[in-house]
Amino acid sequence: MTPVIRLHELRFRWCAQGPDILAIDALEVSAGERLFVEGPSGSGKSTLLGLLAGVNLPQQGRIEVLRQPLDQLSPAVRDRFRADHIGYIFQLFNLIPYLGIIDNVTLPARFSHRRRQRALARSPSLTAEAQRLLAHLDLDQPGLLRQPVSELSIGQQQRVAAARALLGSPELLIADEPTSSLDTDRRRAFIELLFAECAEMGSTLVFVSHDPSLEGLFDRTLRLPELNRAVHHQSAPMQRSASEPVVAPELTAPSAAATATRATAATVAAPGMPAEQSEQQPPRP
Ligand SMILES: Nc1ncnc2c1ncn2[C@@H]1O[C@H](COP(=O)(O)OP(=O)(O)OP(=O)(O)O)[C@@H](O)[C@H]1O
Ligand SMILES: [Mg+2]
């Protein structure tokens, strides 16, 4: 069976003069596999996820996702592919602050006909499907649903972000520390929902976490420092390029925030919309 993800001779660096952040000779992830990715802070986990989603492109090597060579697709085709097939739970959530919970969760269906159809195959309406997912995450209180997402607690926002990624049953789910703000009960409910949805739809899951108690639940663990041959100095801050997108001041982790900002724009933007402009590509040789 063709793997859902296939990396070959991948090299990625953020700055032309900077060090390689990722040098991965080969990685394959099978259909339906649940992969746990771990590594210390700064080791390149979020960078890897951004590459798997086609938000950034490697300077060298091949990235195939669902048999699509991401590095060879035009930006517009990559955006369409991502909107149709990938659910991404961002490390910093990337909710749209002026939309309510339901509108945030149903957003993927506004930009992907495919996700819309798949959501409607499971519930009579998009709102009903959003409510179904939110109920599993203990977020279905009517009063809460009327609140703007900016007024939710961090843990509540994280669950909204999770429901949004699951809507429309994408074939590949990418989750960047999705349980970091959840208490024990909610973490368990979230993992149960995530696994149930993936099992029902045969989706593949790539899950980054610092929580070792979750590792045993997964089919396989990828220890990024063992796979990654790039040696970069995590303590030396790298110079940012002038073209790096401006991020909201409340986002305090600049590197992850920049990645997430680009990724959200590209994920929620309809084809041909400004996602391309917001997408900063590192230099190709
Ligand atoms: N937008 C960016 N521009 C320049 N360098 C970046 C950018 N994003 C990340 N980096 C650098 O790439 C390296 C890997 O960062 P990354 O965010 O992928 O780490 P991580 O493993 O996800 O860390 P954490 O566990 O803290 O989320 C770090 O040295 C970081 O400084
Ligand atoms: Mg990260």
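Note that the structure is predicted; figures quoted are calculated from it, not measured.

Structural notes on the overall build of the protein chain
Then comes step 1: Each helix and strand counted, the protein chain has 13 helices and nine strands in total.
Then comes step 2: The proportion of buried residues among the 285 residues of the protein chain is 43%.
Then comes step 3: Across the protein chain, every contact between residues at least 6 apart in sequence was considered, and the portion connecting residues at least 24 apart equals 76%.

Some thoughts on helix α1 (residues 45–52)
Then comes step 1: In terms of burial, α1 is a largely internal element, eight of the eight residues being buried.
Then comes step 2: Every buried residue belonging to α1 is among Lys45, Ser46, Thr47, Leu48, Leu49, Gly50, Leu51 and Leu52, and all of these are buried.

Things to note about the sheet that holds strand β2 (residues 22–29)
Then comes step 1: Read from one edge of the open sheet, four strands run β2-β1-β4-β5, paired in antiparallel fashion. Each having just a single partner strand, β2 and β5 (68–69) make up the two edges of the open sheet.
Then comes step 2: Direction of pairing for strand β4 (residues 60–65) relative to β5: antiparallel, over a ladder of two bridges. Opposite Glu64, over in β5, you have Pro69 as the bridge partner.

Thoughts on the confidence of the model for the protein chain
Then comes step 1: Across the protein chain, the average pLDDT comes to 84, with 81% of residues at or above 70.
Then comes step 2: Residue range residues 235–266 is modelled with pLDDT below 50. Its contacts to residues more than four positions away, or to other chains, number 49 contacts.
Then comes step 3: Contacts of residues 268–281 to residues separated by more than four positions or lying in other chains number 29 contacts, the stretch itself having pLDDT below 50.

Some points on the nonpolar core
Then comes step 1: Of all hydrophobic cores here, the largest spans 60 residues; its most connected members are Leu52, Ala163 and Ile174.
Then comes step 2: It is helix α8 (residues 154–166) that contributes the most residues to this core, six residues altogether.
Then comes step 3: When neighbours within four sequence positions are excluded, Ala163 is seen to be in contact with Val105, Ala130, Leu133, Leu134 and Leu137.

With respect to α8
Then comes step 1: Helix length check: α8, at 13 residues, gives a terminal C-alpha distance of 19 Å against a target of 18 Å (1.5 Å per residue), a fit within 8%.
Then comes step 2: Burial within α8 is extensive, with eleven of its 13 residues counted as buried.
Then comes step 3: Along α8, the positions that sit buried rather than exposed are Gln156, Gln157, Gln158, Arg159, Val160, Ala161, Ala162, Ala163, Arg164, Ala165 and Leu166.
Then comes step 4: Following α8 by one or two positions, Gly168 adopts a phi angle in the positive range, close to 80°.

Quick notes on the sheet that holds strand β6 (residues 86–89)
Then comes step 1: Strand order in the open sheet made by the five strands is β6-β7-β8-β3-β9, with parallel pairing throughout. Two strands bound the open sheet, and with one partner strand each, they are β6 and β9 (220–223). With direction set aside, neighbouring strand axes in the sheet form an average angle of 15°.
Then comes step 2: As judged from the four bridges shared by strand β3 (residues 34–38) and strand β8 (residues 204–208), these two strands associate in the parallel manner. Looking at the pairing, Val37 lines up with Val208 of β8.
Then comes step 3: Sheet contacts for α8: β6 and β7 (172–176); angle to β6, the most-contacted strand, approximately 175°.

A look at the packing of α8 against helix α9 (residues 184–201)
Then comes step 1: Relative orientation of the contacting elements α8 and α9 amounts to 5°, with a least axis distance of 11 Å. For the element pair α8 / α9, the angle class is roughly parallel. Touching Gly155, Arg159, Ala162 and Leu166 of α8 are Arg186, Phe190 and Glu197, all from α9.

Definitions and limits used
- Residues numbered from 1 in each chain as written.
- Chains lettered and ligands numbered in written order.
- Predicted model: local features only at pLDDT ≥ 70, side-chain atom pairs only at ≥ 80, totals over all residues.
- Helix = DSSP H or I, 4+ residues; strand = E, 2+ residues; numbered from the N terminus.
- Buried ≥ 20, exposed ≤ 12 C-beta atoms within 10 Å, placed from the backbone.
- Contact = placed C-beta atoms within 7 Å.
- Pairing = 2+ DSSP bridges.
- pLDDT = per-residue confidence, 0-100.
- Core = buried A, V, L, I, M, F, W, Y, C linked by C-beta atoms within 7 Å.
- Expected span 1.5 Å × (residues − 1).
- Axes fitted to C-alpha atoms, helices over the stretch in contact; angles between N-to-C directions.
- Parallel < 35°, antiparallel > 145°, perpendicular 65-115°, else oblique.

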